[in-house]
Amino acid sequence: PRSIWLSRHGESEYNLEGKIGGDANLSPRGFQYAKMLPELLRKSGLPKDAPLTIWTSTLKRTNQTAHHVVEELGWEKLQWKALDELDSGNCDGLTYAQIAEMHPEDFKARDDDKYNYRYRGGESYRDVVIRLEPIIMELERSENILIITHQAIVRCIFAYFMQVDQSQSPWMEVPLHTLMKLSPKAYGTQVEKYKANI
Ligand code: F6P
């Protein structure tokens, strides 16, 4: 029986500063998570010699998070632009407080309708759901896969497998440093969570 392992990248320098978007490196804690990930996967019951494919976004923080899994377990790795974080357009690199101050009308519009709000020059959750369609199609016909991606993307993929309406995805809780194992069953998807102790 196959599973999909889903994780956000480890904590990044931007996460520490509360900035959104960008292409920052992992923080020291983020690198620790990357180091623990192979062990966390084994703990979650990853079959010993079943092949596992690793998908990341094209951004540094997901590739850095995948590093030890690829090194230690020697699996195949693929980068997808479709797994990049929701494009925050003119707000990229800002903190939420800075957005509220510099672009109050955008901040309010997003607060009013987070699912449909599209950052100027960027994307909405609705846009993300559409660009994830090929990913979902590929996932539906794949064996064991580990996906290391970003907060908004994890939310949308998780909502899909949990059969939660996509309009709810912007509010789903997906903490850092937590590996999720999704196992599709006849009655629905079984979810297990493994939190790294860091
Ligand atoms: O803060 C991390 C982050 O991944 C940002 O890069 C991204 O804009 C944000 O989370 C998405 O979360 P929300 O839709 O709740 O702002």
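Criteria and thresholds
Residues numbered from 1 in each chain as written. Predicted model: local features only at pLDDT ≥ 70, side-chain atom pairs only at ≥ 80, totals over all residues. UniProt positions renumbered as here; feature names shortened; annotations may be inferred. Contact = placed C-beta atoms within 7 Å. Helix = DSSP H or I, 4+ residues; strand = E, 2+ residues; numbered from the N terminus. Pairing = 2+ DSSP bridges. Axes fitted to C-alpha atoms, helices over the stretch in contact; angles between N-to-C directions. Near = placed C-beta within 6 Å. Nonpolar A, V, L, I, M, F, W, Y, C, P; charged D, E, K, R; others polar. pLDDT = per-residue confidence, 0-100. Buried ≥ 20, exposed ≤ 12 C-beta atoms within 10 Å, placed from the backbone. Core = buried A, V, L, I, M, F, W, Y, C linked by C-beta atoms within 7 Å. Right-handed = clockwise from strand over helix to strand, strands pointing away.

Looking at an unreviewed UniProt entry, one finds the protein named fructose-2,6-bisphosphate 2-phosphatase, with Knufia fluminis as its source organism.

A. Quick peek at the UniProt feature "active site" (unreviewed entry) in the protein. In the numbering adopted here, UniProt assigns the feature "active site" (unreviewed entry) to H9 and E85. Spanning 77 residues, the annotated positions come together in the fold, the maximum distance between their C-alpha atoms being 10.7 Å. Ignoring any residue separated from it by four or fewer positions in sequence, one finds H9 in contact with L26, G30, R61, T62, T65, I148 and H150. With respect to the helices and strands, E85 occurs in the loop between β3 (76-79) and α4 (96-102). Beyond its immediate sequence surroundings of up to four residues, E85 is in contact with G21, S57, L59, H150, A152 and I153.

B. Structural detail: the sheet that holds strand β1 (residues 4-8). Pairing within the open sheet is mixed, and its six strands lie in the order β3-β2-β4-β1-β5-β6. The open sheet terminates on both sides in strands that have one partner only, identified here as β3 and β6 (188-195). For this sheet the average axis-to-axis angle between neighbouring strands, irrespective of direction, equals 20 degrees. Packing against the sheet, helix α3 (residues 60-73) makes contact with β2 (53-56), β3 and β4 (145-149), and its axis sits at approximately 165 degrees to β2.

C. Structural view of the UniProt feature "binding site: substrate" (unreviewed entry) in the protein. The UniProt record marks R8, H9, G10, E11, S12, E13, Y14, N15 and R61 with the feature "binding site: substrate" (unreviewed entry), using the residue numbering of this structure. Across 54 residues, the annotated set stays spatially compact, with a maximum C-alpha separation of 14.2 Å. By the element assignment, H9 lies in the loop between β1 and α1 (13-17). Relative to the assigned elements, Y14 resides in helix α1. When sequence neighbours within four positions are dropped, the list of residues in contact with Y14 reads K19, G22 and A24.

D. Spatial organisation of the site of the ligand. The immediate surroundings of the ligand are formed by N15, I20, G21, E85, L86, S88, H150, Q151, A152 and P170. Taken together, the residues of the shell around the ligand break down into four nonpolar, five polar and one charged.

E. Molecular detail of the confidence of the model for the protein. Averaged over the protein, the pLDDT score is 96; the fraction of residues at 70 or greater is 99%. Across the assembled chains, the prediction reports ipTM 0.99 with pTM 0.97.

F. Spotlight on the environment of R131. Within the secondary structure, R131 is located in helix α6 (residues 125-131). With 18 C-beta atoms counted inside 10 Å, the residue R131 sits in the partly exposed group. Distance from R131 to Q32, taken between C-alpha atoms, is 31 Å for residues 99 residues apart in sequence.

G. Focus on the pairing of β4. The element β4 is largely enclosed, with a buried count of four among its five residues. Bridge count between β1 and β4: five bridges; the pairing is parallel. Its bridge partner lying in β4, S7 is registered against I148.

H. Local environment of the nonpolar core. One finds W5, L6, V128, I147, C156 and I157 to be the most contacted residues of the largest nonpolar core, which totals 34 residues. Those elements giving two or more residues to this core turn out to be β1, α2 (28-43), β2, α3, α6, β4, α8 (151-162) and β5 (178-185). Among the elements that line this core, the one with the most residues is α8, at eight residues. For W5, the residues in contact, after removing those within four places along its chain, are L41, S44, L146, I147, L179, M180 and K181.

I. Structural context of the pairing of β3. Where β2 and β3 come together, four bridges link them in parallel fashion. For T53, the partnering residue across the bridge sits in β3 and is E76. For the segment spanning β2, α3 and β3, crossover handedness is right-handed.

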